[in-house]
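In case you want the letters, here they are:
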Amino acid sequence: DNVATTEINSRLRSVKAALEEELRDSFKNANWYFKGKLVDSIVGKHANLSQIASYVADAVYPESPVIHSELVNRNDISSSASKAQKDLLHRMLSHADQENLGYTAYPADAGLYFTVLQGCKLHRKVKGNWQFCDPLNSTESNNIVPAWTKAKEQIFQENAIVSLADLYTLWTEPPYGIKNGLLPIFALAFFLSHRHQLALYIENTFTPELTEAYFDEWLQDPSRVIWRFVKIEGSEKKMLELLSLALSKRLNKP
């Protein structure tokens, strides 16, 4: 019956509008508390709910990096954002030694590169070479330094074995609160920055070189990806440098 259907739909809309109005008034007139204190006395008596939420977020996650990307700076990303994220990860692995990862056009993954990696100064020119490295300890790093430093403290310990899942847990909890969409990008940037100090294991099997074939593990199940800190002493470092020099001469490379 079209008449009855129209009447029911009209009543549903009316009830929905009335409910939204009641909820709006309830939120507006509610007293909000944070850590036992009335928020009005801290934020301001006329602060709206959005301002209150921002204040609480700043208090809970004071060391969260500032990333202006709606694509990946979220816990659940779209299929198109997921593709851009994966394309960027592959690019990070294959073009790390090139300026701007070799991007000359501006696909979605290039936008992520400039927003996330360049924005945090994780990929830059050092002594004439483009490479992934630790962020600058300045305002230019978009506040990634605290989370990055904490990760180094956890990973760079003698006999330390840390899975990606452990690292993700560290970064998502207070005071960092990094979103899930950013975790694989930051994790790969960290690994590439310290690849000579970290041994990589996939499903408890040592993997001498990270290749694109392993990215499904990286993205799908971080608990299967494990890093082990390898401490290189002075004599070992000198031996490796001499070996590198000898191989370079043998291969006629500078």
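Residues numbered from 1 in each chain as written. Predicted model: local features only at pLDDT ≥ 70, side-chain atom pairs only at ≥ 80, totals over all residues. Heavy atoms only, no water.

**Some details on the overall build of the chain**
Next up, step 1: Looking only at helices and strands, the chain features 10 helices and 8 strands.
Next up, step 2: The principal-axis extents of the C-alpha atoms in the chain amount to approximately 85 × 50 × 35 Å.
Next up, step 3: Residue burial in the chain is summarised as follows: out of 254 residues, 33% are buried.
Next up, step 4: At a minimum sequence separation of 6, the contacts of the chain that also span at least 24 residues come to 58%.
Next up, step 5: As presented, the chain carries roughly 15,900 Å² of accessible surface, and 51% of it is formed by carbon and sulfur atoms. (Helix = DSSP H or I, 4+ residues; strand = E, 2+ residues; numbered from the N terminus. Buried < 20%, exposed > 50% of the residue type's maximum accessible area, 1.4 Å probe, protein only. Contact = heavy atoms within 4.5 Å. Areas by Shrake-Rupley, 256 points an atom, 1.4 Å probe, with all protein chains shown as cover.)

**Here's the deal with the packing of helix α4 (residues 79–94) against helix α5 (residues 108–118)**
Next up, step 1: Put simply, α4 and α5 touch, their axes get as near as 8 Å, and they point 70° apart. Between α4 and α5, the interaxial angle falls into the category roughly perpendicular. Across the interface between the two elements, Ala 84, Gln 85, Asp 87, Leu 88 and Met 92 of α4 pack against Ala 108, Asp 109, Leu 112, Tyr 113 and Leu 117 of α5.
Next up, step 2: Partitioning the contact of α4 with α5 into residue classes produces 7 nonpolar, 1 polar and 2 charged. (Axes fitted to C-alpha atoms, helices over the stretch in contact; angles between N-to-C directions. Parallel < 35°, antiparallel > 145°, perpendicular 65-115°, else oblique. Nonpolar A, V, L, I, M, F, W, Y, C, P; charged D, E, K, R; others polar.)

**Details of the packing of aromatic side chains**
Next up, step 1: According to the stated counting rule, one finds 11 aromatic pairs in the structure shown.
Next up, step 2: Aromatic side chains Tyr 103 and Tyr 113 sit 6.0 Å apart centroid to centroid with 45° between the ring planes, which places their arrangement in the tilted category. Separated by 10 residues along the polypeptide, Tyr 103 in the loop between α4 and α5 and Tyr 113 in helix α5 bring together distant segments of the chain.
Next up, step 3: A residue is classified by how much of its surface remains accessible, and Tyr 113, at 0% relative accessible area, is buried.
Next up, step 4: Considering the side-chain rings of Phe 156 and Phe 229, the 5.2 Å spacing of their centres and the 40° angle between planes classify their relative orientation as tilted. Separated by 73 residues along the polypeptide, Phe 156 in the loop between α6 (145–155) and β5 (161–163) and Phe 229 in strand β8 (residues 225–229) bring together distant segments of the chain.
Next up, step 5: A network of ring pairs unites the aromatic residues Trp 148, Phe 156, Phe 190, Phe 191, Trp 227 and Phe 229 as a single cluster.
Next up, step 6: Over the ring of Tyr 103 we find Arg 91; its NZ or CZ atom is 4.5 Å from the centre of that ring. (Phe/Tyr/Trp six-rings, centres within 6.5 Å; stacked < 30°, edge-to-face > 60°. Lys NZ or Arg CZ within 6 Å of the ring centre and 35° of its normal.)

Worth remembering: the numbers are spatial, not functional.
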